[in-house]
Amino acid sequence: MDEATLPHYKDEYIRYKTIQNGDAEATAIWANNGTMKLHNATRILSENTVRNLCYHFVMEASTLARLCMERGLSHDEAYTISDIYIRKLDRIADVEEIEKLYGQMCMDYAVRMGEIRKESAISSHVRKCIDYIYENLGGDLSMKVLADVTGLNPSYLSRLFSKEIGCPIKQFILSAKVDTAQNLLRHSELSYAKIAVSLGFSSQSAFIAVFSRFVHMTPRAYREYYSLRGVRDTNN
């Protein structure tokens, strides 16, 4: 496993989940202390620094919109927020101002997701279970472990989770792993085997089978598709 690379994407994913979970306080801390920086991205899409940041900004706006929709933000609102900030970006040609605008966009999504989280009234036990899943995607996520984490009987936790979230825990875990894999395939050069190991799959073939079932294309086809899109965006 490439330990020099994986933590970067783990940190990135935790940041996404913090915004998705509506933790505006943590998002504000990251935005104010310089942790939340577009220039930390390792992918160079343009030799022009400002243009490179703009490309990454647009990709981040799309990613945040999609992730927030997965947790209850309406399609119209998610993309309205994204479009507003992309239009603002179009009027900026300064690196510091772009970084500042990125922090504002992240805060905007986090605040709105916080409001949705209060409205949804998910129980503290299920919320704790979800948080643990996202923080330990490569670890042991058996019902016994999740029951111990939440302090509930496994059978009761299973019923409660399905009732509040609308799908079985096992399906939710697989969906979270596939979502993470999509980010890694788009934004890293990690091999399929390393992605499989980092997400706790028993083998590369098991990872490919699950990914293909959820996304309807293989990891290779998915990476190649987004790689070609990136080339087209850079040439436009």
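Since the model is a prediction, treat every value here as computed from it, not as a measurement.

### Some words on helix α11 (residues 204–215)
For an α-helix, 3.6 residues make a turn, and residues three or four places apart therefore share a direction.
(1) Moving on: Across its twelve residues, α11 extends 16 Å between first and last C-alpha, which sits within 8% of the 16 Å expected from 1.5 Å per residue.
(2) Moving on: Those residues of α11 not exposed but buried are Phe207, Val210, Phe211 and Val215. The arc enclosing the buried residues of α11, seen along the axis, measures out at 110 degrees, which places them on a common side. Of the exposed residues in α11, the ones pointing more than 90 degrees away from its buried face are Ser205 and Arg213.
(3) Moving on: Of the residues flanking the end of α11, it is His216, one or two places downstream, whose phi is positive at about 65 degrees.

### Let's talk about helix α4 (residues 75–89)
(1) Moving on: For α4, spanning 15 residues, the distance from its first C-alpha to its last is 21 Å, which sits close to the expected 21 Å at 1.5 Å a residue.
(2) Moving on: Buried within α4 we find Ala78, Ile81, Ser82, Tyr85 and Leu89. What you see down the axis of α4 is that its buried residues fit within an arc of 95 degrees, all on one side. Residues of α4 that are exposed and angled more than 90 degrees away from the buried face: His75 and Asp76.

### Observations regarding the nonpolar core
Nonpolar side chains in soluble globular proteins tend to end up buried together.
(1) Moving on: Counting 60 residues, the largest nonpolar core has Phe57, Tyr109 and Ile133 as its most contacted members.
(2) Moving on: If we skip the residues at most four places from it in the chain, Phe57 touches Leu38, Tyr85, Ile86, Leu89, Ile98, Leu101, Tyr102 and Met105.

### A closer look at the environment of Ile84
(1) Moving on: By secondary structure assignment, the location of Ile84 is in helix α4.
(2) Moving on: Along the chain, Ile84 and Ala61 lie 23 residues apart, while their C-alpha atoms are 10.0 Å from each other.

### Description of unusual backbone geometry
(1) Moving on: With a phi close to 65 degrees, His216 is a non-glycine residue in the positive phi region.
(2) Moving on: In this fold, His216 is placed in the loop between α11 and α12 (219–235).

### Considering the packing of helix α9 (residues 169–187) against α11
(1) Moving on: Look at α9 against α11: their axes get within 10 Å of each other, and the N-to-C directions meet at 95 degrees. One element, α9, and the other, α11, form an angle in the roughly perpendicular class. Counted together, Gln171, Leu174, Ser175, Val178, Ala181, Gln182 and Leu185 of α9 and Phe207, Val210, Phe211, Arg213, Phe214 and Val215 of α11 form the full contact between these two elements.

### Some thoughts on the pattern of salt bridges
(1) Moving on: For the structure shown, the criterion picks out five salt bridges.
(2) Moving on: Of the charged contacts in the structure, one is a salt bridge between Asp179 and Arg66, with a shortest N-O distance of 3.0 Å. Here Arg66 lies in helix α3 (residues 49–70) and Asp179 lies in helix α9, a separation of 113 residues in the sequence.
(3) Moving on: Classification of Asp179 as buried rests on a relative accessible area of 5%.
(4) Moving on: The exposure class of Arg66 is partly exposed, given its relative accessible area of 23%.
(5) Moving on: Ionic pairing is found between Lys144 and Asp148, a salt bridge with its closest N-O pair at 3.3 Å.

### A look at the packing of helix α6 (residues 124–135) against α9
(1) Moving on: Remark: α6 packs on α9, axes separated minimally by 10 Å, with the N-to-C direction vectors making an angle of 40 degrees. Taken as axis vectors, α6 and α9 run oblique relative to one another. The way α6 lies across α9 gives a crossing that is right-handed. Across the interface between the two elements, Cys129, Ile130, Ile133 and Tyr134 from α6 touch Ile169, Phe172, Ile173 and Ala176 from α9.
(2) Moving on: Here the contact of α6 with α9 is composed, by residue class, of eight nonpolar, no polar and no charged.

### Notes on the confidence of the model for the protein chain
Fine structural detail should not be taken from predicted coordinates in areas where pLDDT scores are low.
(1) Moving on: In this model, the protein chain carries an average pLDDT of 85, and 86% of its residues clear a pLDDT of 70 or more.
(2) Moving on: For residues 1–8, every residue scores under 50 in pLDDT, and the model assigns this stretch eleven contacts once sequence neighbours within four places are set aside.
(3) Moving on: Every residue in residues 231–235 is under pLDDT 50, and counting partners more than four places away or in other chains gives three contacts.

### A word on the environment of Ser124
(1) Moving on: Position of Ser124 relative to the elements: it lies in helix α6.
(2) Moving on: Ser124 sits in the exposed class, given a relative accessible area of 56%.
(3) Moving on: Separated by 26 residues in the primary sequence, Ser124 and Thr150 place their C-alpha atoms 8.7 Å from one another.

Reading guide: rules and limits
Residues numbered from 1 in each chain as written. Predicted model: local features only at pLDDT ≥ 70, side-chain atom pairs only at ≥ 80, totals over all residues. Heavy atoms only, no water. Helix = DSSP H or I, 4+ residues; strand = E, 2+ residues; numbered from the N terminus. Expected span 1.5 Å × (residues − 1). Buried < 20%, exposed > 50% of the residue type's maximum accessible area, 1.4 Å probe, protein only. Arc of directions from axis to C-beta. Core = buried A, V, L, I, M, F, W, Y, C linked by side-chain atoms within 4.5 Å. Contact = heavy atoms within 4.5 Å. Axes fitted to C-alpha atoms, helices over the stretch in contact; angles between N-to-C directions. Parallel < 35°, antiparallel > 145°, perpendicular 65-115°, else oblique. Salt bridge = Lys/Arg side-chain N within 4 Å of Asp/Glu carboxyl O. Left-handed = near helix turned anticlockwise from the far one by under 90°. Nonpolar A, V, L, I, M, F, W, Y, C, P; charged D, E, K, R; others polar. pLDDT = per-residue confidence, 0-100.

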